[in-house]
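What follows is each chain in one-letter form.
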Amino acid sequence: MKFASVLALAVAATVVSAETNADRMARGLPPLAPARRGTPVARAKRTAPSSGSGQCNTGSIQCCDSVSQSGQGSSLDELLSLLKIDVPVDTYCGQSCSPITLIGGSSGGNCNQQPVCCEDNTYNGLVNIGCSPSMFVP
């Protein structure tokens, strides 16, 4: 008999209450906050939109004669040291860059070298810092 009462008590303790806010309010209690349930979409990794539409999140698309990594002993490193620009090693930088305009403009929508999106375009195209390839679609 003791075992049956202990078993009944254990089962009753494990049953989750399905009390609704209507039941709580009928008893004069405040409603509970809504349960936050995560969905696979809410937990999905957020990434930056692709630049496949010919746009950059960091500025205009640039057409560079060459793109290389800093710290590899190339002419880029010499140029960066001459200009006294401190760039972390393995940062992609473009040299001799000009903006690509999609509608009219002097540069046109044509790039025979490498179209890139660069984070830092403050050196008038001589060197652009933090470049990544762009899927330029004219």
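Calculation criteria
Residues numbered from 1 in each chain as written. Predicted model: local features only at pLDDT ≥ 70, side-chain atom pairs only at ≥ 80, totals over all residues. Heavy atoms only, no water. Buried < 20%, exposed > 50% of the residue type's maximum accessible area, 1.4 Å probe, protein only. Helix = DSSP H or I, 4+ residues; strand = E, 2+ residues; numbered from the N terminus. Pairing = 2+ DSSP bridges. Core = buried A, V, L, I, M, F, W, Y, C linked by side-chain atoms within 4.5 Å. Contact = heavy atoms within 4.5 Å.

*Asks:* Explanation requested: the pairing of strand E4 (residues 127-133) in the structure shown.
*Replies:* In the case of a regular strand, side chains alternate between the two sheet surfaces. With five of seven residues buried, E4 is to be regarded as a mostly interior element. Sheet analysis places strand E2 (residues 92-99) next to E4, joined by three bridges and oriented antiparallel. Within E4, the residue paired with glutamine 95 across the bridge is valine 127. For strand E3 (residues 114-120) and E4, the ladder comprises four bridges, and the chain directions are antiparallel. Note on E4: the bridge partner recorded for aspartate 120 is isoleucine 129. If you look at the hairpin formed by E3 and E4, you'll find six residues sitting between the two strands, and asparagine 124 has a positive phi there, around 55 degrees.

*Asks:* Would you mind showing me how to read the nonpolar core here?
*Replies:* Note that soluble globular proteins tend to have their nonpolar side chains buried in a common cluster. Leu76, Leu79, Leu80, Ile85, Val87, Cys93, Val127 and Ile129 together form the largest nonpolar core, which totals eight residues. Secondary structure elements with two or more residues in this core: helix H4 (75-82) and E4. For this core, the element with the highest residue contribution is H4, accounting for three residues. In contact with isoleucine 85, other than residues within four places in its own chain, are Leu80, Tyr123, Val127 and Ile129. Judged by nonpolar contacts, the second largest core, of six residues, contains Ile61, Cys63, Ile100 and Cys117.

*Asks:* What should I look at first to understand the environment of arginine 24 in this one?
*Replies:* Within the element layout of this structure, arginine 24 appears in helix H2 (residues 21-26). Among the residues examined, arginine 24 registers a relative accessible area of 14% and is labelled buried. In contact with arginine 24, other than residues within four places in its own chain, are Glu19, Leu29, Pro30, Pro31 and Leu32.

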